[in-house]
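Here is what each chain is made of, one letter per residue.
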Amino acid sequence: MDVAVLGIKGIPAAGGADRVVEKLLESYSEQNEYWVYIRCDTPDAASCQGHLHFIHVPALRGKHLGSFSFFLLSCLHYLVKGRRYDLAHVHNSDFGLFVPLLRLRWGVPILGTFHGDPYTRAKWGRMARIYLRLSERFFAHFCHRLTSVSRFKERARALWGSRPVDYIPNGVDPYWQESAPEAFDPAELGLEDGEYVLFACGRLDPTKGLHHLLDAWEKVRPARKLLVVGDFGHDADYSTRMDARISALEGVVAHRSLLPRPALLEALRRARLFVFPSEYEAMSMMLL
């Protein structure tokens, strides 16, 4: 069976829904062929990995035009150059306005998976939120079958009439069995093993709530140190503000890029406490 996978940005994943899909693809049956649409400007992925095939699609720059152009061009490739797919699996409801285009491929069922409510994110303005809500309506109406990583969507299905939403939660592998002590050394960052607090995310933006943690840290002034890990290149304005606050706080250490997974998991294992004050999550892979 040939399956088209749309709606994610890139693999290897930086986090979020992309990480969920990355793990799903690792566990899918090798008897099927999966054709994954990813952006050209994401970290390099091989064009083919066994039963996984990656279709690199260009996109315009900017947080508004980037996703819109990527989704549109993915649909055009799907319709004009794509294989005779047996199934299309679409992730993220912000793809919703383009699902009717996918249905031009008559006879191909479309499975849609909700990974949250993008219109609740602080980074979007009023018009963008209207667009995202409308996109969610299209997503719910035009996908043949719906799933969600959150029970909230299962409860909210009355908003779309009688469309059922199957709740399929995210999961993680038992990484703790693969401890790699050499992957991360707290002493290199001036931290004491087992005595620091960890905040970690993929792409740093306001919804991850780092500013809430720094507010609390500034008031309490704990004796332990705080390690902040994340991609500070995603939201330049927010990252600059957080950088300034971190520099002004004693005992706060920032690692401003993503750690390799073995190092991140070892940093988590060695931490005294993990803190994740996110404002918006459906079912966070980082928290799991």
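Residues numbered from 1 in each chain as written. Predicted model: local features only at pLDDT ≥ 70, side-chain atom pairs only at ≥ 80, totals over all residues. Heavy atoms only, no water.

**Student:** Whenever I open this one, the pairing of strand S6 (residues 110-114) confuses me. Can you help?
**Tutor:** It is a general feature of regular strands that their side chains alternate between the two faces of the sheet. When you tally the buried positions in S6, you get 5 out of 5 residues, the bulk of the element. Here S6 shows a buried face lined by Ile110, Gly112 and Phe114 and a second buried face lined by Leu111 and Thr113. Pairing of strand S5 (residues 87-91) with S6 involves 4 bridges; the strand directions are parallel. Note that in S6 the partner of histidine 89 across the bridge is leucine 111. For S6 and strand S7 (residues 145-148), the ladder comprises 4 bridges, and the chain directions are parallel. What sits directly across from leucine 111, in S7, is arginine 145. (Buried < 20%, exposed > 50% of the residue type's maximum accessible area, 1.4 Å probe, protein only. Helix = DSSP H or I, 4+ residues; strand = E, 2+ residues; numbered from the N terminus. Pairing = 2+ DSSP bridges.)

**Student:** How do you make sense of the sheet that holds strand S3 (residues 48-49) when you look at a structure like this?
**Tutor:** Pairing between sheet strands relies on hydrogen bonds along the backbone, with the strands arranged either parallel or antiparallel. Reading across the sheet, the 8 strands line up as S3-S4-S2-S1-S5-S6-S7-S8 and stay open at both edges, with mixed pairing between neighbours. A single partner strand is all that each edge strand has here, and the edge strands are S3 and strand S8 (165-167). In the sheet, S3 pairs with strand S4 (residues 52-57) via 2 bridges, with the strands oriented antiparallel. Paired with cysteine 48 across the strands is histidine 53, a residue of S4. Sheet strands in contact with helix H2 (residues 65-80) are strand S1 (2-6), strand S2 (33-39), S4 and S5, and its direction is about 145° off that of S2. On the sheet, helix H4 (residues 126-142) packs against S5, S6 and S7 and is oriented at approximately 140° with respect to S6. (Contact = heavy atoms within 4.5 Å. Axes fitted to C-alpha atoms, helices over the stretch in contact; angles between N-to-C directions.)

**Student:** How should the sheet that holds strand S11 (residues 252-255) be read in this particular structure?
**Tutor:** Within the open sheet, the 4 strands sit side by side as S11-S10-S9-S12. Their pairing is parallel. Either end of the sheet is taken by a strand with one partner, and the two such strands are S11 and strand S12 (273-274). Where strand S9 (residues 197-203) and S12 come together, 2 bridges link them in parallel fashion. If you follow leucine 198 over to S12, its bridge partner there is phenylalanine 274. Of the strands in this sheet, S9, strand S10 (226-231) and S11 are in contact with helix H6 (residues 210-220), which crosses S10 at around 165°.

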